[in-house]
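Chain and residue survey
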Amino acid sequence: MKKLKGLFMALILLLIASTQYQLPASAKQTKKVEIPVLLYHVVKPDPDPNNPYQFSLEEFEKHMAYLHENGYRTLTMKQYFNILDKKAAMPKKPILLTFDDNSNDFYPYVYPVLQKYGMKATQFTVSTWVDGSWNMTSNELLTVMENGIDIQNHSVTHPALADLSREQQYTEINEATKFLKDLTGKTTNTFAYPYGSYNADTISVLEELGFKGAFKVGGGISTDQSNRYELPRIMILQEHTLDDFVRMVETGY
Ligand SMILES: [Zn+2]
């Protein structure tokens, strides 16, 4: 009888052990696809204190160091969509870095920091601003593109698209595609809404032109369930501290 009781106990222990062993495996299989997408604008050593969209280079360096030290993996745009569409495995801590408006701080300040850590990023480019007085030159865009930075579409003139007719919106998106194709040899397939402004016409134009998706402003962390034409982004502003940054990367807000 004592022997039987011992055998029973052993069986119970084995059952517990096997459940514990299986739990992490099944948890891994059902791991949700969640990818924070960060949005920066100007990043430079002396941001204008009255412009919330300009961010301090010193603080930006802390952000990238944090991501590096905490095992985040930056993605190309192609990798981002492949993971959302379950065509590629998700790394443990994926993150997409995006920069809007092809401003001329990117090449001297942001790009070297990204290079230091081997980080990928996307530059949403306004076509008529290329070679502009406060913007990146064509050569700078081509150089960063050769080194891990995706050049994607941010319209021709940066209008609030929701205020335009469908035809005007078509021109803003399609002419930027043509310009960027001529410049880079690559067809852009992702869009960022200037000022976060869009409507049903914008989405129908993007679908018609074969875009894989488009990014808005705000909305938390992107997931495989996110509407591909309303992908959320976490906007980093000058007021945000490093603590804010860590919370926003983890929670989306
Ligand atoms: Zn913009």
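Residues numbered from 1 in each chain as written. Predicted model: local features only at pLDDT ≥ 70, side-chain atom pairs only at ≥ 80, totals over all residues. Heavy atoms only, no water.

So, on to the overall build of the chain. When you go through the chain residue by residue, the secondary structure sums to 8 helices and 12 strands. Taken over 253 residues, the chain has a buried fraction of 47%. Looking at the chain alone, contacts between residues at least 24 apart form 66% of all its contacts between residues at least 6 apart. As displayed, the chain offers around 13,100 Å² of accessible surface, 54% of which is attributable to carbon and sulfur atoms. (Helix = DSSP H or I, 4+ residues; strand = E, 2+ residues; numbered from the N terminus. Buried < 20%, exposed > 50% of the residue type's maximum accessible area, 1.4 Å probe, protein only. Contact = heavy atoms within 4.5 Å. Areas by Shrake-Rupley, 256 points an atom, 1.4 Å probe, with all protein chains shown as cover.)

Considered for burial, the residues of helix H5 (residues 138-145) that qualify are Ser138, Glu140, Leu141, Val144 and Met145. Across the axial projection of H5, the buried residues extend over an arc of 165°, all falling on one side. Against the buried residues of H5 lie helix H4 (106-117), strand S7 (121-125), strand S8 (149-153) and helix H6 (166-184). (Arc of directions from axis to C-beta.)

A separate point is the packing of H6 against helix H7 (residues 200-208). Remark: H6 packs on H7, axes separated minimally by 9 Å, with the N-to-C direction vectors making an angle of 45°. When the axis of H6 is compared with that of H7, the two are oblique. For the pair H6 and H7, the crossing hand works out as right-handed. In contact with Arg166, Gln169, Tyr170 and Ile173 of H6, H7 contributes Asp201, Thr202, Ser204, Val205, Leu206 and Glu208. When grouped by side-chain class, the residues that make up the contact of H6 with H7 number 4 nonpolar, 3 polar and 3 charged. (Axes fitted to C-alpha atoms, helices over the stretch in contact; angles between N-to-C directions. Parallel < 35°, antiparallel > 145°, perpendicular 65-115°, else oblique. Left-handed = near helix turned anticlockwise from the far one by under 90°. Nonpolar A, V, L, I, M, F, W, Y, C, P; charged D, E, K, R; others polar.)

A few words on the coordination of the zinc ion. Looking at the zinc ion, the protein donor atoms are Asp101 (OD), His154 (NE2) and His158 (NE2), and they sit 2.1 Å from it. Going along the chain, you hit the donors of the zinc ion in the pattern D-x52-H-x3-H. (Donors = N, O, S within 2.8 Å, 3.2 Å for Na, K, Ca; no water.)

So, on to the side chain of Thr98. Residue position: Thr98 is located in strand S6 (residues 94-100). At a separation of 2.7 Å, a polar atom in the side chain of Thr98 contacts the main-chain carbonyl oxygen of Leu38. With residues near it in sequence (within four places) discarded, Thr98 still touches Val37, Leu38, Leu39, Tyr40, Thr122, Phe124 and Arg233. (Polar contact = N/O pair within 3.5 Å; in protein donor to acceptor, adjacent residues only side chain to side chain.)

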